[in-house]
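Residue-level structure breakdown
Spelled out, the chains give:
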Amino acid sequence: MRMCELLVGLPTVTVLGVVDLLPLAPITVHIETLLEGRETCNGCDQTATLKDRDPVMLTDLPVFGRRARLVWLKRRWRCPSRSCRVGSWTELAPEIAARRLGLTDRAGRWATFQVGCHGRSVKEVAGDLGCDWHTVNNAVVAYGERLVDDPARIGQVTALGLDETLFVKRGRWRTKQWSTSIVDVRAGQLLDVVEGRDSAPASLWLAKRGQVWRDRIRYGTLDMSGPYRKVFDTMLPDTTQVADPFHVVKLAGEKLDEVRRRVNQDVLGRRGHKDDPLYRARKLLVMAHERLDDHASGKLTGLLKAGDPNGEVTTAWHAKEAVRELYAHTDAKLALAWVDQPSADMRDVSCPPEIRQLGRTMRRWRTQIAAWHEAQVTNGPTETMNGLAKRIKRVAFGMTNFRHWRVRVLLYAGHPDWSKLATVTP
Ligand SMILES: [Zn+2]
């Protein structure tokens, strides 16, 4: 008889039977827990009486190449005393399955690892087990939350980044819901995500970390947005703020795009059309100029000549390249001068209004832009961050519940200690 229990891998149960009806249907194993001594009431210590049994169907890990189900006949106990308040209760056996989860304990841990560490989709894992999406997702959230909220997951951080992250497009109008990613820039670790992209949630998160932890942060990276600046100004006043190069270059590219679209409208009286020179130049314009070979470079010059009679797009293109150039310089002492020169050039009256605006933004953020030269150790962090953003994006697909999404992205990009998966209790 114990051979069955060995095969089922649960020493504390009795196997009542195995049902195998159809070749493609899951194997169903019926079990109950072993009774050890008498069951007593928590309230009055009297010997309980068995009320009934509730069969609970649990999805288990596949066995012998077959999907599997565990039917656990859960005992319901009742206190015999009429004056006792406890009434009745259902037995618990977390080694079989955690309360309220539809996966067995081992299947729940396995699913959490597949989704959280390998970044597989919940749908895929549910397909492997032959159960529905919610059953897997509930287990991943229950086990995963313990791993991501483990205080040891967050170590000492010396460079902290704040970045807005699209969480979900919701409803009929695809309204964008934003969140803020809090990142260890050096380690490329997602520390946490908080709802919204205003300053309050990130400030609150920092407040909870404590003064000692905050004091060790030397650099704070941010896009050029007011709310994150406010977070650093108020919560980390001694931290050197650094404008993230990725966002600075991106802004220059966006301004170039705006100029191109406006000039197309001014010159041809319509939005970009596939035959319009400027429309045809749009990809060449945003490419880094050193990546253009002679042919591409000649093509770009020709298209600009044809579509940009007043040289506005050309000016915007030079401005974008000047912004990129900032990061080619290595001398931190000269960084501020390197930022000030092009930003002054951009504010010249001869420049298109979009570029003058870029120049003003750069003046406003000059110290943060220049600080990158002091803060940078290698080119690494930016690339790490882009990789991180991709991982976050991948997980985001289709998730609408912020709490669930938070657990998922932190499992995948937050460096949880996977060796603890075997011991956390959901
Ligand atoms: Zn009782």
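Residues numbered from 1 in each chain as written. Predicted model: local features only at pLDDT ≥ 70, side-chain atom pairs only at ≥ 80, totals over all residues. Heavy atoms only, no water.

Thoughts on a nonpolar patch on the surface
Test applied: Without a salt bridge and with relative accessible area above 30%, a residue can belong to a patch; like charges are then joined within 9 Å and nonpolar side chains (Val, Leu, Ile, Met, Phe, Trp, Tyr) within 5 Å. Method for areas: the Shrake-Rupley scheme with a 1.4 Å probe, in which residue coverage is limited to the protein chains shown. Throughout this description, the term salt bridge denotes a Lys or Arg side-chain nitrogen within 4 Å of a carboxyl oxygen of Asp or Glu. Helix numbers and strand numbers start at the N terminus; a helix is a DSSP run of H or I with at least 4 residues, a strand a run of E with at least 2.
The grouping of Met3, Leu7, Val63 and Phe64 at the surface amounts to a nonpolar patch, some 490 Å² of accessible area in total. Position of phenylalanine 64 among the secondary structure elements: in the loop between strand 3 (49-63) and strand 4 (66-78).

Thoughts on the sheet that holds strand 10 (residues 240-243)
The line we're drawing: Note: two strands are recorded as paired if DSSP finds a minimum of 2 bridges between them. Fitted lines through C-alpha atoms give the axes, limited to the stretch in contact for helices. The angle between two N-to-C directions lies from 0 to 180 degrees.
With respect to topology, 5 strands assemble into an open sheet ordered 8-7-6-9-10, the strand pairing being mixed. The open sheet has two edge strands with one neighbour each: strand 8 (189-195) and strand 10. Pairwise comparison of adjacent strand axes, ignoring direction, gives a mean angle of 30° for this sheet. Here 3 bridges tie strand 6 (residues 159-170) to strand 9 (residues 219-222), and the two strands are oriented parallel to one another. Directly across from leucine 160, in strand 9, lies its bridge partner glycine 220.

Re a positive patch on the surface
The test is simple: Note that His is not counted, nor are the chain ends; the positive residues are Lys and Arg, and the negative ones are Asp and Glu. The atoms used to mark charge sites are NZ of Lys, CZ of Arg, CG of Asp and CD of Glu.
Together, Lys169, Arg174, Lys176 and Lys393 make up a positively charged patch on the protein surface. Along the chain, arginine 174 falls in the loop between strand 6 and strand 7 (175-184).

A closer look at the pairing of strand 7
Summarising the sheet, strand 6 and strand 7 pair through 10 bridges and their orientation is antiparallel. Note on strand 7: the bridge partner recorded for leucine 162 is isoleucine 182. Counted along the chain from strand 6 to the antiparallel partner strand 7, the turn is 4 residues long, and its residue glycine 171 has a positive phi close to 80°. As consecutive antiparallel partners, strand 7 and strand 8 are separated by 4 residues, and within that stretch glycine 188 has a phi angle of approximately 65°, a positive value.

Describing the packing of helix 14 (residues 353-364) against helix 15 (residues 366-375)
Our working definition: Any angle between 65 and 115 degrees counts as roughly perpendicular, while under 35 counts as roughly parallel, over 145 as roughly antiparallel, and the rest as oblique. Residue contacts follow a heavy-atom distance rule, with two residues in contact if any of their heavy atoms lie within 4.5 Å. In the scheme used here, Gly and all other residues not listed as nonpolar or charged are polar, with Ala, Val, Leu, Ile, Met, Phe, Trp, Tyr, Cys and Pro taken as nonpolar and Asp, Glu, Lys and Arg as charged.
Where helix 14 contacts helix 15, the two axes come as close as 4 Å, and the packing angle between them is 70°. Here helix 14 lies roughly perpendicular to helix 15, going by the angle between them. For the pair helix 14 and helix 15, contact is made by Met362, Arg363 and Arg364 and by Arg366, Gln368 and Ile369, respectively. Residue composition of the contact of helix 14 with helix 15, grouped by class: 2 nonpolar, 1 polar and 3 charged.

Focus: helix 4 (residues 133-148)
Here is the rule we go by: What a helix is expected to span follows from its residue count: subtract one and scale by 1.5 Å. The classification of residues rests on relative accessible area computed with a 1.4 Å probe and restricted to protein chains. Under 20% of the type maximum is buried, over 50% is exposed, and intermediate values are partly exposed.
If you check helix 4, its first and last C-alpha atoms are 21 Å apart, about what 16 residues at 1.5 Å a residue would give, namely 22 Å. For helix 4, the full list of buried residues reads Thr135, Val136, Asn137, Ala139, Val140, Val141, Ala142, Tyr143, Gly144, Glu145, Leu147 and Val148. Contacts from the buried residues of helix 4 go to helix 2 (105-116), helix 3 (122-129) and helix 17 (402-413).

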